Amino acid sequence: MAVFDSVSFDNHEQIVHCHDEETGLKAIIAVHNTNLGPAFGGCRMWNYDSDKEALNDVLRLSRGMTYKNALAGLSMGGGKSVIIADPKNIKDREALFRAFGRAVHKLGGSYYSAEDVGVGTADIMIAYQETPFVAGLEGKSGDPSPFTALGTYLGIKAAIKHQRGFDSLKGIKISVQGVGHVGYYLCQRLHEEGAELFITDINQDNLNKVATDFGATIVAPEDIYGLDVDVYAPCALGATINDETIPQLKASIVAGCANNQLAELRHGDKLKELNILYAPDYVINAGGIINVSFENDYDATASTAKVEKIYDTLLTIFKRADEENRTTNVVADEMARAIIEGAAK
Ligand code: NAD
């Protein structure tokens, strides 16, 4: 498997393939950049079709973490890990996450893990028995999802504000793709403010809960892109902004919590051409990692105040992108790079 030739390789500092024969653990840990501090980023468990797909994911996700942590003003570098396995079909979860914890420990603190898709706080608590290099623990900062949802909610408001001059979500139609950990709390906030919700998921239980709790309308997964809504909020997996989906979009705003929403950089250009305002994913979804950054001296008020800054950061990016006639994602990348490179000097 060619790592350095991969299109997703971006001068990553360290990429470690981990295997444990007894538990069958197959994982890849990528430390992208540690200029600002040790690399922080969650662990994703997914039934990848190939090792190549898993590698591509971890390379892209870890780079996103470096940029996310920089723009969120955190003293943390960027990293990520993936476990190649079907989360619904694990024989011995305790043994698997203990093996994962040992693998993280071998990196000696250059990478700290936490939860991501397919991995929960309980799994990280298991890994914690093998290594202190994990975060988002019960009794400390805990589940990051409500904070990711808060940041995403404020990011949607910032996008509405930039586009329309007001930031009330009353009567605003929002489609949410993926109503898992973050999607649930996001829908709760949007509903409380009077937004009209359209939701899709491949998990019927998750759908039913959000439909019942927040009066959301359920749509089929393939229908989510073409809905006549104001905002499309991708909150499942990445790369949903691509050649097939962009022509279907009727929303004038793309703002959701999923990582790596643009399949390729050029899809950001395409959104701009169509006058669709894009809230760069790693800016709008930084709430969870901001909360994790308070792990060792947990203070919910201070964490919330820092998450709330996402609103202003996004307004700055939107304004600058307009003034410079550039895409929001390129402007965000440039702002993040200035911070990362500044720290290296
Ligand atoms: P989750 O696994 O709890 O939820 C994801 C949901 O998406 C699930 O309900 C799943 O069934 C659904 N889904 C998967 N494939 C789908 C498809 N093709 N169509 C529709 N629905 C689909 O994960 P989460 O923690 O809520 O994270 C959601 C996204 O936000 C991920 O991209 C994650 O990387 C990102 N994110 C999460 C956090 C966090 O704090 N949890 C922080 C930053 C970014």
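Residues numbered from 1 in each chain as written. Predicted model: local features only at pLDDT ≥ 70, side-chain atom pairs only at ≥ 80, totals over all residues. Heavy atoms only, no water.

An unreviewed UniProt entry annotates the protein as Glu/Leu/Phe/Val dehydrogenase of Parashewanella curva. For the protein, the Sequence similarities (unreviewed entry) comment in UniProt is given as "Belongs to the Glu/Leu/Phe/Val dehydrogenases family." Check the Function (unreviewed entry) section of the UniProt entry for the protein; it says "Catalyzes the reversible oxidative deamination of glutamate to alpha-ketoglutarate and ammonia." (UniProt positions renumbered as here; feature names shortened; annotations may be inferred.)

Visitor: Tell me about the side chain of Thr-121, and name the residues and values.
Guide: Summarising the element assignment, Thr-121 is placed in helix 3 (residues 121–127). With residues up to four places along the chain from it excluded, the contact list for Thr-121 reads Glu-115, Gly-136, Leu-137, Glu-138 and Asp-143. (Helix = DSSP H or I, 4+ residues; strand = E, 2+ residues; numbered from the N terminus. Contact = heavy atoms within 4.5 Å.)

Visitor: Residues and numbers for the pattern of salt bridges, please.
Guide: For the structure on display, the rule yields 21 salt bridges. For Arg-320, the salt bridge is made with Glu-334, and the minimal N-O distance between the two is 3.0 Å. You can see Arg-320 sitting in helix 10 (residues 300–324) and its partner Glu-334 sitting in helix 11 (residues 328–344), a full 14 residues away along the chain. We classify Arg-320 as partly exposed; its relative accessible area is 25%. Among the ionic pairs, Arg-326 bridges to Glu-334, the shortest N-O distance being 3.0 Å. Taking relative accessible area as the criterion, Glu-334 reaches 32% and is therefore assigned partly exposed. Here the salt bridges do not stand alone but share partners, grouping Arg-44, Asp-57, Lys-80 and Asp-116 into one network. (Salt bridge = Lys/Arg side-chain N within 4 Å of Asp/Glu carboxyl O. Buried < 20%, exposed > 50% of the residue type's maximum accessible area, 1.4 Å probe, protein only.)

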